[in-house]
Amino acid sequence: MAATLRGLLGANVVSDFWQVQVFGVRHLSPSGAWHLQKFLDAVQPELVLVEGFADATELTKYWVKKETKPPIAVLAYTKDLPVRTLVYPMARYSPEFQAVAWAHRHDVRVEFFDLPSDIFWGLQDQEYRLRDQSNASGEEKTEEAGGETTEDSVAEEQPILTPAASGVTPTVPKVSLYDRIAKQTGELNYDTYWERNFEHNQSPGAYRLAALELGKSLRALDDDPVRGRAECLIREAYMRRRVEEAVASGVRPEKIVAVVGAFHAPVLNGQWPAITDEELARLPRRDSLLTLMPYSYFRLSAQSGYGAGNAAPAYFELMWDALQDDDLESLAGQYLSRVAREVRHKGTHRSTAEVIEGVRLARTLAAMHDGQAPTLSDLHDAAITLLGHGELRPIAEALAQVDVGTAIGQLPDGVSRTSIQEDFDRELLRLKLTKYRSTVRQDLDLDLRENRQAKSSAAAFLDLHRSSFLHRLRVLDVKFAEFVPTRQQGATWAENWLLQWSPESEITLVESVLLGETVELAAGYKLKQRIEEAQSIDGAAALVADACQCDLPTMMEHARQRLQGLANESSALVAVARAAFRLLQVVRFGDVRRFDTQPLMPLIDELFVQGTLSLFAAAQCDAAAAKELAEALDLLNRIALEFSDRIDEALWRRTLQALSDADDRSPLLSGLACALLLERGWMDNESLGREVSRRLSPGISADLGAGWFEGLASRNRYALIARQVLWEQLVGYISQLDDEEFRRSLVFLRRAFGTFAPNEKRSIAENLANIWGVDPNQAAEILDGQLNEAEEQALTDLNDFDFD
């Protein structure tokens, strides 16, 4: 049907359209909600139209349930890939929320009348395609123009102005309309401008008229009223169509109240055309789903893009309560009192007098800007001056607490459940985890081994299936379960978790439906994304482990392939060693997790050889790099011990020997290589004695000799303690050093012995006592004795020793 609805209805309807009551608001404005309540009371409308997804109207009946506690949000998400989301958040003081609540209290029809979510998605998809084409075209033009950016390409980059109600925060220009308004009015930012001129104005009708004028100004200030606002124009045309339909259905226009963002308010009248049937039919669509979800003030504070939100939701709820009590004058005192209370809770005293002086200062600052009351910016300045004593740091945490708060929304059980929530509940029941869905923190110890006394396969591997489920939640960042290190050192079959449910967990779970309809599918999709984005081989190896722990074999193979590709491109020794050892751990888990890890074995072999071959060259490094390479050396050695029947042991032994013998490599790494040879039984006492004698001799620089000993002493300490020849050489070496060399060597020796256990130090004292010919107990007593102040200072000075 090509004719417009307007044409069918005739001029009378168009004329009546002018009488529709339009109320422009900011989407999170307590004063807007307060004025709107009074306006609705005066008009007593028969229909309330609210800016929001037209297909989400049915969800508003849950907003007024007694179990519902804002903040909440409408979540729209696409059914197919690539998955996208729009979030429409509501606080208790949102004008839209109060409009719906008023309508339900007075048994008045209320509807959302913005574009349906499926058209939003269709327009968004089209915008992405146009932007990609524009970017590609812009690149070509830039190349043709010899690197210069044309005027057309700059214009193509202008953003689409999208309201906060859509949940999409657009890319803003370098100087937005809102920044320009703030600058012209002498305010620090647009939020302060809005609060001073709109939130504090309680004059009857002032808010509505000011919002209408603001909308006109915003449209006039826009450099190009058409380009970059196509989606916005379509939305407005659709909203006008819905108003015309309402009038045509018999609702008197003066009994219709339309609540919209201030930007749209000037054009919701009969002067502008509504979208036609033909135009509406041609709009692109994409299948969409809708649900309600609990929200939080912490998340709401991050929705302040576009100039339609606020970064201090708890503060504005405090303002809403003050407006409801008709006592906006008390807001400054309440705010600063709460800040002082938070500071006191942290152990710092702040007096009532300081709060009173803070209120006076805030009101003075407001008066200097011709304001009726202090803004949040004025209150911050007053708090810093009086409660922070001129500094932000002492009260920064208190300000954040009072500004943002910790409020988390709630919804009645069973309201608009998403598929992933239903799957989550089924999994809790199947895995006997329902009792852990509690706000009380509880421990859960898992034994992943088969329970041979169980009567069914599900029961036999209950803890294993629990582990996979909890790891999937971990991958999805659902904070229901926190993995903690096991108390059974080296036990691949034991896991410990801390479980605690919170509304924040619910929020993250609902958002995960964007990745998949079940926990398993969502975790798989999340892993797939991370695998494709992986840029390091150790990162890819960690994803192999994640896939194994989540029991997602397809993703493990995908991660293995990605790791294989990265390994062919990278030769960074530390990353290679970490990746190989991570795969070793996966192989250890293989049996207990009933996972086929054989495809990983050739890759471990390849990484081990790659790391071994690059070790000697990499060891020519400074002391800082040597610390990381020492970790790599240890990891490669653990792989060699674990898979001695697979790896090239001869190659590993030759590499260690070459590094141990080298004088031009890092002394720390050479000493560590020597320790590994000794540990593996590839060096006898006689060879050790010769190496110690060579390394700890007067001709060797003190930092080189002591650095080598630090590496040697980092491994197999009991074996070293038992070798008396080592301590004889060390005593002889130290005794021949002059004062300067002794101070240099002491830096390394102190570090080498710093991690020795008390019983190990006592054994060393006994060795030294035998060499010095003194009582072992006396030597141990001296070693364990407390240092005096001068000795402590001397050791502290070593930390700043200049080796140059």
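The rules behind the values
- Residues numbered from 1 in each chain as written.
- Predicted model: local features only at pLDDT ≥ 70, side-chain atom pairs only at ≥ 80, totals over all residues.
- Heavy atoms only, no water.
- Helix = DSSP H or I, 4+ residues; strand = E, 2+ residues; numbered from the N terminus.
- Buried < 20%, exposed > 50% of the residue type's maximum accessible area, 1.4 Å probe, protein only.
- Areas by Shrake-Rupley, 256 points an atom, 1.4 Å probe, with all protein chains shown as cover.
- Salt bridge = Lys/Arg side-chain N within 4 Å of Asp/Glu carboxyl O.
- Pairing = 2+ DSSP bridges.
- Axes fitted to C-alpha atoms, helices over the stretch in contact; angles between N-to-C directions.
- Contact = heavy atoms within 4.5 Å.
- Polar contact = N/O pair within 3.5 Å; in protein donor to acceptor, adjacent residues only side chain to side chain.
- Core = buried A, V, L, I, M, F, W, Y, C linked by side-chain atoms within 4.5 Å.
- Phe/Tyr/Trp six-rings, centres within 6.5 Å; stacked < 30°, edge-to-face > 60°.
- Lys NZ or Arg CZ within 6 Å of the ring centre and 35° of its normal.
- Expected span 1.5 Å × (residues − 1).
- pLDDT = per-residue confidence, 0-100.
- Left-handed = near helix turned anticlockwise from the far one by under 90°.
- Nonpolar A, V, L, I, M, F, W, Y, C, P; charged D, E, K, R; others polar.

### Examining the overall build of the protein chain
A count of helical and extended segments in the protein chain gives 38 helices and ten strands. Within the protein chain, buried positions represent 52% of all 804 residues. Accessible surface, the protein chain: about 37300 Å² in total, of which carbon and sulfur atoms supply 49%.

### Thoughts on the pattern of salt bridges
Under the defined criterion, the tally for this structure stands at 45 salt bridges. The salt bridge involving E495 is made with R593; its shortest N-O contact spans 2.5 Å. Of this pair, E495 sits in strand 10 (residues 494-499) while R593 sits in the loop between helix 26 (573-592) and helix 27 (601-618); the two residues are 98 residues apart in sequence, bridging distant segments of the chain. Look at E495 and you get buried, because its relative accessible area is 5%. Each of R109, E111, R241, R242, E245 and D277 takes part in a single network of salt bridges with overlapping partners.

### Things to note about the sheet that holds strand 5 (residues 109-114)
What the four strands build is an open sheet, ordered 1-6-2-5; its pairing is parallel. Every other strand in the sheet has two partners, leaving strand 1 (21-25) and strand 5 as the edge strands with one partner each. The average undirected angle you get between the axes of adjacent strands in this sheet is 30°. Here strand 1 runs beside strand 6 (residues 256-261); their pairing, made up of five bridges, is parallel. Note on strand 6: the bridge partner recorded for V25 is G261. Here helix 3 (residues 30-43) sits on the sheet and contacts strand 1, strand 2 (47-53) and strand 6; the angle it forms with strand 1, its principal contact strand, is near 170°. The strands that helix 11 (residues 230-248) touches are strand 2, strand 5 and strand 6; relative to strand 5, the one it contacts most, it runs at about 150°.

### Notes on unusual backbone geometry
Residues other than glycine predominantly adopt negative phi, and peptide bonds predominantly adopt the trans conformation. Across the junction of P70 and P71, the peptide omega takes the value 10°, indicating a cis bond. Looking at where P71 falls in the secondary structure, it is placed in the loop between helix 4 (60-63) and strand 3 (72-78). Despite not being glycine, H389 shows a phi value in the positive range, around 55°. Turning to its location among the elements, H389 is positioned in the loop between helix 17 (376-387) and helix 18 (396-404).

### Brief notes about the sheet that holds strand 8 (residues 442-447)
One open sheet holds the three strands; their spatial order is 8-10-9, and the pairing between them is antiparallel. Sheet topology places strand 8 and strand 9 (481-484) at the edges, where each strand pairs with a single neighbour. Shown here is a sheet whose adjacent strand axes are inclined to one another by a mean of 30°, direction ignored. Pairing of strand 9 with strand 10 involves four bridges; the strand directions are antiparallel. Its bridge partner being in strand 10, F483 is matched across the sheet by W497. Contacts between helix 21 (residues 462-475) and the sheet are confined to strand 8, strand 9 and strand 10, with strand 8 contributing the most and set at about 125° to the helix.

### So, the environment of E679
With respect to the element layout, E679 can be found in helix 30 (residues 667-679). For the pair formed by E679 and R715, sequence separation is 36 residues and the distance between their alpha carbons is 7.8 Å.

### Digging into the pairing of strand 2
With seven of its seven residues buried, strand 2 lies for the most part within the structure. Where strand 2 meets strand 5, five bridges bridge the pair, whose relative direction is parallel. Residue pairing for strand 5: L47 is matched across the bridge by R109. As judged from the four bridges shared by strand 2 and strand 6, these two strands associate in the parallel manner. If you follow L47 over to strand 6, its bridge partner there is I256.

### Details of the side chain of T612
When you line up the elements, T612 lands in helix 27. You can call T612 buried: its relative accessible area is 1%. Here F608 takes part through its backbone oxygen, which lies 2.8 Å from a polar atom of the side chain of T612. When residues no more than four places from it in sequence are discounted, the contact partners of T612 are L636, L651, W652 and T655.

### Some points on the nonpolar core
Counting 146 residues, the largest nonpolar core has Y335, L470 and F480 as the members making the most contacts within it. With residues up to four places along the chain from it excluded, the contact list for L470 reads L433, L444, L446, F480, A481, W497 and L499. Counting 56 residues, the second-largest nonpolar core is a separate cluster that includes F39, L40, F198 and V257.

### Side note on the packing of aromatic side chains
If you walk through the whole model with that rule in mind, you get 21 aromatic pairs. Geometrically, the ring pair formed by F23 and F39 is tilted, given 5.3 Å between the ring centres and 55° between the ring planes. Of the two residues, F23 is situated in strand 1 and F39 in helix 3; the sequence distance between them amounts to 16 residues. Just as F23 is buried, F39 falls in that class too. Taking the centre distance of 5.8 Å and the plane angle of 80° together, the rings of F424 and F480 count as edge-to-face. A residue pair is termed long-range when its members are at least 10 positions apart, and F424 in helix 19 (residues 419-430) and F480 in the loop between helix 21 and strand 9 qualify at 56 residues. Accessibility assignment for this pair places F424 and F480 in one class, buried. An aromatic cluster of three or more residues is present, and its members are F23, F39, Y190, Y193, W194, F198 and Y207. Over the face of the ring belonging to W501 we find R437, whose NZ or CZ atom lies 4.5 Å from the ring centre. Note that R594 overlies the ring of F461, its terminal NZ or CZ placed 3.9 Å from the centroid.

### A short note on helix 28 (residues 623-642)
The end-to-end C-alpha distance of helix 28 is 29 Å, a good match for the 28 Å that 20 residues give at a rise of 1.5 Å each. Residues of helix 28 that are buried: A626, L629, A630, A632, L633, D634, L635, L636, N637, I639 and A640. For helix 28, the elements touching its buried residues are helix 26, helix 27, helix 29 (649-661) and helix 30. Capping the start of helix 28 is the job of one residue whose side-chain oxygen sits 3.3 Å from the backbone nitrogen of A624: D622.

### Here we look at the confidence of the model for the protein chain
Residue-level pLDDT values for the protein chain average 82, and 77% of them are 70 or greater. Every residue in residues 1-15 scores below 50 in pLDDT, and together they form 20 contacts with partners more than four places removed in sequence or on other chains. Note that residues 304-308 has pLDDT below 50 and, in this model, 16 contacts with residues that lie over four places away or in other chains.

### Focus: the packing of helix 15 (residues 331-345) against helix 16 (residues 352-368)
Contact geometry of helix 15 with helix 16 gives a least axis separation of 9 Å together with a crossing angle of 145°. The handedness of the crossing between helix 15 and helix 16 comes out as right-handed. Here helix 15 contributes A332, G333, L336, S337, A340 and R344 to the contact with helix 16, which in turn contributes T352, V355, G358 and V359. The residue makeup of the contact of helix 15 with helix 16, split by class, is five nonpolar, four polar and one charged.

### Comments concerning helix 30
The end-to-end C-alpha distance of helix 30 is 18 Å, a good match for the 18 Å that 13 residues give at a rise of 1.5 Å each. Burial within helix 30 is extensive, with twelve of its 13 residues counted as buried. Taken residue by residue, helix 30 has P667, L668, L669, S670, G671, L672, A673, C674, A675, L676, L677 and L678 as its buried positions. Phi for G681, located one or two positions after helix 30, is positive at around 80°.

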